Amino acid sequence: MEMMLKVFFLGCILHLASAQLQNGFYSTSCPRAESIVQQVVVKKFSADRSITAALLRMHFHDCFVRGCDASILIDSTKSKSSEKDAGPNLTVRGFELIDDAKRNLEAACPSTVSCADIITLATRDAVALAGGPGYNVSTGRRDGLVSDSSEVNLPGPSLSISDAARFFTAKGLTLNDMVVLLGAHTVGVAHCGFFRDRLSNFQGTGKPDPTMDPALAATLLKTCGTQSRPLSRDPTVFLDQNTSFILDNQFYNQIRSKRGILQIDQELALDSLSAPLASRLAANNDLFRQSFVNAMMKMGSVEVLVGNAGEIRKNCRVFNKPGGRA
C-alpha cells in the first residue's frame with residue numbers, strides 16, 4: 001500500500017508539473033527564444049555531430065538529480081562542490097553551448113529564459129539534427145537554487161534491469177520509459193573503463209562476457225586493453241557500431257545481435273522484463289521515434305520548478321546574487 005501511495009504521489013507531481021509547463025511559454029516575453037537556442041545548436045552540430053549525445057546525457061543527468069532544474073550547470077566554488085564535479089558528471093560536456101545560448105538570450109530578453117529550458121530546448125534541437133524526431137517542447141521551467149555533488153546518484157552501466165528500473169520509477173518513469181530512453185545510446189559513446197571487464201576476464205572467468213559477440217569483444221580488446229593491462233589512456237567507442245551519429249532504432253538491433261557495449265545495454269535484449277519491448281523497437285523505427293518523443297517529454301517534466309519557485313539565472317554557471325532572483 002505504501003509503495004502504491006508513493007507511485008500515485010509521483011504521478012501527481014509529474015501531472016502538476018506538466019500542467020504548469022506550456023508550449024510557447026515565451027511567445028510574449030521572448031518570442032525568438034526557441035529560434036535563438038536553435039541557431040546555437042545548429043552551429044555547434046555543424047562542427048561536432050557528437051553534441052547530440054552530449055546534450056542528451058546532460059539532460060538526463062540534470063533531470064535525475066533534483067529534477068530538470070539546471071543544477072548540473074553550476075560551477076563548484078572553493079567551499080562547495082557542485083553536481084558538475086561528481087564522479088558520474090566529470091565527462092558530461094556541452095556546457096559552452098548552453099553558455100552561448102544563454103548569452104544570446106540575455107542580450108535579447110534579459111532575465112527571462114531559464115537555463116533549465118535551454119537544456120531542454122537544445123537537446124530537442126540536437127535530436128532532430130541527428131535524424132531523430134522533431135517535437136514540441138513545453139517550457140516554463142525555473143532554475144534550481146541548490147547544486148551538491150553529494151546528491152548525485154545515477155544508475156551505473158553494470159546494473160541489472162530491475163535495479164536500474166528502480167532509479168527510473170523513483171522519478172515517476174516506467175520500465176518502458178527506461179528501455180526507450182536508453183535508446184539514446186544509439187548516438188552515444190563510452191569510455192573503455194565502463195566495460196573493459198567484459199572483454200577478457202568477465203567475473204573472473206578468464207574469458208569474455210559470453211553475452212557479447214566474440215568478434216566485437218576481440219575488436220574492443222585491441223582498442224581498450226585488458227583489466228590487468230589497460231591502455232595508458234581511456235579511449236571511447238561508439239555504443240551503436242552501425243549508425244553511430246544517427247538517432248534511430250539501430251541500437252536495439254545491435255543489442256539483439258549481442259553487440260551491446262555496456263552491460264546494461266546488452267541486458268535490455270536479454271532480460272524478460274525489457275526484451276519484448278526492445279524487440280518491438282528494433283523492428284519498428286516509427287514506434288521508436290514516437291516512444292522516444294513521449295519518454296523525453298515525460299523525463300523533461302520530472303520535478304520541475306515552475307511559477308515563483310527557484311529563479312531565472314543570468315549566468316547558468318552561478319546562482320543569482322541575493323536580491324537578484326527573477
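Residues numbered from 1 in each chain as written. Predicted model: local features only at pLDDT ≥ 70, side-chain atom pairs only at ≥ 80, totals over all residues. Heavy atoms only, no water.

Asker: Run through the overall build of the chain, naming residues and quoting values.
Answerer: When you go through the chain residue by residue, the secondary structure sums to 12 helices and 2 strands. Helices (α) and strands (β) of the chain occur, in sequence order from the N terminus, as α-α-α-α-α-α-α-β-α-β-α-α-α-α. For a compact globule of 326 residues, the expected C-alpha radius of gyration is about 20 Å, and the chain comes in at 20 Å, within 12% of that figure. By principal-axis analysis of the C-alpha atoms, the chain measures approximately 60 × 45 × 35 Å. Across the 326 residues that make up the chain, the buried fraction comes to 50%. For the chain, the proportion of contacts with a sequence separation of at least 24, taken over those separated by at least 6, is 74%. Here the chain displays about 14,900 Å² of accessible surface, and carbon together with sulfur accounts for 55% of that area. Each charge class in the chain can be summarised by its mean position, and for the 35 positive and 31 negative side chains these summaries are 3 Å apart. (Helix = DSSP H or I, 4+ residues; strand = E, 2+ residues; numbered from the N terminus. Rg over C-alpha atoms; globule rule 2.2 N^0.38 Å. Buried < 20%, exposed > 50% of the residue type's maximum accessible area, 1.4 Å probe, protein only. Contact = heavy atoms within 4.5 Å. Areas by Shrake-Rupley, 256 points an atom, 1.4 Å probe, with all protein chains shown as cover. Lys, Arg positive; Asp, Glu negative; His and termini not counted. Charge placed at Lys NZ, Arg CZ, Asp CG, Glu CD.)

Asker: Give me the lowdown on the packing of helix 2 (residues 33–47) against helix 5 (residues 115–129), citing residues and values where you can.
Answerer: For the pair helix 2 and helix 5, interaxial distance at closest approach is 9 Å and the crossing angle is 50°. Between helix 2 and helix 5, the interaxial angle falls into the category oblique. The way helix 2 lies across helix 5 gives a crossing that is right-handed. Taking contact as the criterion, the partners of Glu34, Val37, Gln38, Val41, Val42 and Phe45 in helix 2 are, on helix 5, Ile118, Leu121, Ala122, Arg124, Asp125, Ala126 and Leu129. For the contact of helix 2 with helix 5, the class distribution of residues is 9 nonpolar, 1 polar and 3 charged. (Axes fitted to C-alpha atoms, helices over the stretch in contact; angles between N-to-C directions. Parallel < 35°, antiparallel > 145°, perpendicular 65-115°, else oblique. Left-handed = near helix turned anticlockwise from the far one by under 90°. Nonpolar A, V, L, I, M, F, W, Y, C, P; charged D, E, K, R; others polar.)

Asker: Got a sec to walk through the domain arrangement of the chain? Specific residues and values, please.
Answerer: Under the domain assignment, the chain is made up of domain 1 (32–151) and domain 2 (161–298). Distance from the C-alpha centre of domain 1 to the C-alpha centre of domain 2: 24 Å. Counting residues at the interface gives 18 residues for domain 1, matched by 16 residues for domain 2. Taking both partners together, domain 1 and domain 2 bury about 1,500 Å²; carbon and sulfur atoms supply 74% of that area. For domain 1, the biggest contributors to the area lost against domain 2 are Phe64, Pro133 and Tyr135; these three give 35% of the whole. Applying the counting criterion to the domain 1 and domain 2 interface returns 0 salt bridges. The interface formed by domain 1 and domain 2 holds 2 residue pairs in polar contact (both at pLDDT 80 or more) in total. Of all elements in the fold, only helix 3 (51–63) and helix 5 reach the threshold of two or more residues within the side of domain 1 that touches domain 2. Residues of the side of domain 1 that touches domain 2, tallied by class, amount to 8 nonpolar, 8 polar and 2 charged. (Domains from an automatic or database assignment. Buried area = accessible area lost by both parts, 1.4 Å probe. Salt bridge = Lys/Arg side-chain N within 4 Å of Asp/Glu carboxyl O. Polar contact = N/O pair within 3.5 Å; in protein donor to acceptor, adjacent residues only side chain to side chain.)

Asker: Tell me about the layout of surface pockets, and please be specific about residues and values.
Answerer: Empty space within the largest pocket amounts to approximately 910 Å³. Around the largest pocket sit 35 residues that line it, and Arg57, His61, His185, Val189 and Leu262 are the ones nearest its centre. Looking at the lining of the largest pocket, the elements with two or more residues in it are helix 3, helix 6 (161–169), helix 7 (175–181), strand 1 (189–191) and helix 12 (285–299). Among the elements that take part in the lining of the largest pocket, helix 3 stands out by supplying 6 residues, more than any other. A class-by-class count of the residues in the lining of the largest pocket yields 24 nonpolar, 9 polar and 2 charged. Both of domain 1 (32–151) and domain 2 (161–298) provide at least three residues apiece to the lining of the largest pocket. (1 Å grid on protein atoms, 1.4 Å probe; cavity = no way out; pocket = protein on both sides within 12 Å on 5 of 7 lines; lining within 4 Å. Points joined across faces, edges and corners; volume = space filled by probe spheres on them.)

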